[in-house]
Amino acid sequence: MKSSFPYAKSALCGAALLFAHTVSAHSGGAPTATEVGEHLDDYEHEIATMSDTVADIVSEYEDGEAVGDRIDALVETWETVEFHEAVETHAMALYPPIWIALGGLREAVDESDASDDVQAWQTRFDNALHEGVGALKLVASQPAAAPAPKQAMPADESTISIIKQNLEDVVKRYRAGDDEGANALIHQTYMERFEGIEGTLIESDADLVTELEKDFNATLPLLIEKSAAPEKFEAAVEAMNAKLDRAQQILEQAAENKPSVF
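Conventions and cut-offs
- Residues numbered from 1 in each chain as written.
- Predicted model: local features only at pLDDT ≥ 70, side-chain atom pairs only at ≥ 80, totals over all residues.
- Heavy atoms only, no water.
- Helix = DSSP H or I, 4+ residues; strand = E, 2+ residues; numbered from the N terminus.
- Buried < 20%, exposed > 50% of the residue type's maximum accessible area, 1.4 Å probe, protein only.
- Contact = heavy atoms within 4.5 Å.
- Areas by Shrake-Rupley, 256 points an atom, 1.4 Å probe, with all protein chains shown as cover.
- Expected span 1.5 Å × (residues − 1).
- Bend = angle between axes of the 7 residues up to and from the residue.
- Axes fitted to C-alpha atoms, helices over the stretch in contact; angles between N-to-C directions.
- Parallel < 35°, antiparallel > 145°, perpendicular 65-115°, else oblique.
- Nonpolar A, V, L, I, M, F, W, Y, C, P; charged D, E, K, R; others polar.
- Core = buried A, V, L, I, M, F, W, Y, C linked by side-chain atoms within 4.5 Å.
- Salt bridge = Lys/Arg side-chain N within 4 Å of Asp/Glu carboxyl O.
- Phe/Tyr/Trp six-rings, centres within 6.5 Å; stacked < 30°, edge-to-face > 60°.
- Polar contact = N/O pair within 3.5 Å; in protein donor to acceptor, adjacent residues only side chain to side chain.
- pLDDT = per-residue confidence, 0-100.

Undergrad: Is there a simple way to think about the overall build of the protein chain in this case?
TA: Along the backbone of the protein chain there are 11 helices and zero strands. When each of the 262 residues of the protein chain is scored for burial, the buried share is 45%. Relative to all contacts within the protein chain whose residues are 6 or more apart in sequence, the contacts with residues 24 or more apart total 79%. Of the roughly 13000 Å² of accessible surface on the protein chain, 50% is carried by carbon and sulfur atoms.

Undergrad: Please explain helix H3 (residues 40–62) as it appears in this structure.
TA: For an α-helix, 3.6 residues make a turn, and residues three or four places apart therefore share a direction. Along its 23 residues, H3 runs 33 Å from first to last C-alpha, staying within 8% of the 33 Å computed at 1.5 Å per residue. When we look at burial in H3, the residues that qualify are Leu40, Tyr43, Glu46, Ile47, Met50, Ser51, Val54, Ile57, Val58 and Tyr61. Turning to H3, the residues buried within the fold contact helix H2 (33–38), helix H4 (68–80), helix H5 (82–90), helix H6 (96–109) and helix H7 (115–141).

Undergrad: Is there a simple way to think about helix H10 (residues 206–225) in this case?
TA: Counted at 1.5 Å a residue, the expected span for H10 with its 20 residues is 28 Å, and the 28 Å between its end C-alpha atoms agrees. Of all bends in H10, the biggest is about 45°, found at Asp215. The buried count for H10 comes to 14 of 20 residues, which makes it a mostly enclosed element. One or two residues past the end of H10 sits Ser227, with phi positive at roughly 55°.

Undergrad: Where do I start with the packing of helix H9 (residues 179–204) against H10 in this structure?
TA: Describing two packed helices takes the angle between their axes plus the distance from one axis to the other. With their axes 9 Å apart at the nearest point, H9 and H10 run at an angle of 175° to one another. As judged from the angle between their axes, H9 and H10 are roughly antiparallel. Only Ala206, Val209, Leu212, Glu213, Phe216, Asn217, Leu220, Pro221 and Ile224 of H10 make contact with H9, whose side of the interface consists of Asp179, Ala182, Asn183, Ile186, Thr189, Tyr190, Phe194, Glu198, Leu201, Ile202 and Ser204. Here the contact of H9 with H10 is composed, by residue class, of 13 nonpolar, four polar and three charged.

Undergrad: Looking at this model, I keep getting lost on the nonpolar core. Mind explaining?
TA: Nonpolar side chains tend to gather and get buried jointly when the protein is soluble and globular. Counting 70 residues, the largest nonpolar core has Met50, Trp78, Phe83, Phe125, Phe194 and Phe233 as the members making the most contacts within it. Take this core: its biggest share by element is nine residues, from H10.

Undergrad: So what exactly am I meant to see when it comes to the pattern of salt bridges here?
TA: In a structure, side chains of opposite charge can pair up when their charged atoms sit close to one another. Counted by the stated rule, this structure contains 13 salt bridges. A single salt-bridge network, built from bridges that share partners, covers Glu211, Lys214, Asp215 and Lys243.

Undergrad: Please clarify how the environment of Met92 should be interpreted in this entry.
TA: Position of Met92 relative to the elements: it lies in the loop between H5 and H6. You can call Met92 buried: its relative accessible area is 1%.

Undergrad: What is the right way to read unusual backbone geometry from this model?
TA: As a rule of thumb, non-glycine residues mostly have phi less than zero, and peptide bonds are mostly trans rather than cis. Here Asp113, not a glycine, exhibits a phi torsion of approximately 55°, which is positive. Backbone geometry at Ser227 places phi at a positive 55°, although glycine is not the residue there. Relative to the helices and strands, Ser227 is located in the loop between H10 and helix H11 (230–257). For Ser227, a relative accessible area of 41% gives the class partly exposed.

Undergrad: Looking at this model, I keep getting lost on the environment of Asp205. Mind explaining?
TA: Tracing the sequence through the fold places Asp205 in the loop between H9 and H10. Distance in space between the C-alpha atoms of Asp205 and Ala247 is 8.6 Å, their sequence separation being 42 residues. Those residues in contact with Asp205, other than ones at most four positions away along the chain, are Arg246 and Ile250.

Undergrad: Explain the packing of aromatic side chains here, please?
TA: Within a pair of aromatic rings, the relevant descriptors are the distance that separates the centres and the angle that separates the planes. Tallied over the entire structure, the rule returns 10 aromatic pairs. The interplanar angle of 55° and the centroid separation of 5.7 Å between the aromatic rings of Tyr190 and Phe216 together place this pair among those described as tilted. Note that Tyr190 is positioned in helix H9 and Phe216 in helix H10, a separation of 26 residues in sequence. Note on Tyr190: relative accessible area 1%, which makes it buried. The rings of Tyr43, Trp78, Phe83, Tyr95, Trp99, Tyr190, Phe194 and Phe216 are connected pair by pair, giving a single aromatic cluster.

Undergrad: What should I look at first to understand the side chain of Thr89 in this one?
TA: Mapped onto the elements, Thr89 comes out in helix H5. Assessed through its relative accessible area of 2%, Thr89 is described here as buried. Reaching out from Thr89, the side chain makes a polar contact with the backbone oxygen of Glu85 at a distance of 2.6 Å.

Undergrad: Looking at this structure, I do not really get the environment of Ser59. What am I missing?
TA: If you trace the backbone, Ser59 turns up in helix H3. The exposure class assigned to Ser59 is partly exposed, which follows from its relative accessible area of 37%.

Undergrad: Help me understand the confidence of the model for the protein chain in this model?
TA: Caution is warranted with low-pLDDT regions, since their predicted coordinates should not be read in detail. Confidence in the prediction of the protein chain, expressed as mean pLDDT, is 86, and 82% of residues score 70 or more. The least confident element of the protein chain, judged by mean pLDDT, is helix H1 (residues 12–18) at 37; the most confident is H3 at 98. Between residues 1–28, whose pLDDT stays under 50, and residues either more than four places distant or in other chains, the model counts 62 contacts. In this model residues 146–152 is a low-confidence stretch, pLDDT under 50, and it forms one contact with partners more than four residues away in sequence or in other chains.

The structure is reproduced here in structure tokens:
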């Protein structure tokens, strides 16, 4: 029997505490817990704006309009708001549900007469946003702790091969019916491997980083949630591997251009 998706509502408190000092690789300027507290009003405004945008999109869909492009634009907004990095840094377990809701909504609006599904994804998106800001409020209320020591990461050139191997293992777990294990390894690979190379990649191809973020946090988890055919799941991983080949090229070029310390 396939297990349910693990990033549930009950994760809010634990996620906020567990990831309170995780470092994001997006910009090198990830907010501290103190800064999170100072920007809670900004986050509230950002999620209200995104929620209102989705409400407008749903209304337009129900009027028979094509709205896929508007959701694509919303993804770009989600990538740039301060709330995005705050959740990714301090409440990582609540980060994938936002991506999943966006991915589910994007798929649903491409179908006709799918108002119930579209509205359900709207609700999930709104809930995910509010759970995220709730976790950030909890982070801001906690006494500041000493930063966790940084763990050594493998050389950039080896990271892609490790990611690919992990994704191969994800496919094996999914084929064996181990949804929970597959999701856990996807999440672990994103946090422990991909996050470490995002900074280098984003300098050369920000769109590639966004695509891979969606793959890790929305595409694969959503396929698992929908109990997609193993062949469809494996095809999605193969598509990721093609993007990871491009990432490998960027990392190798960056290594060649890195000035020598001698």
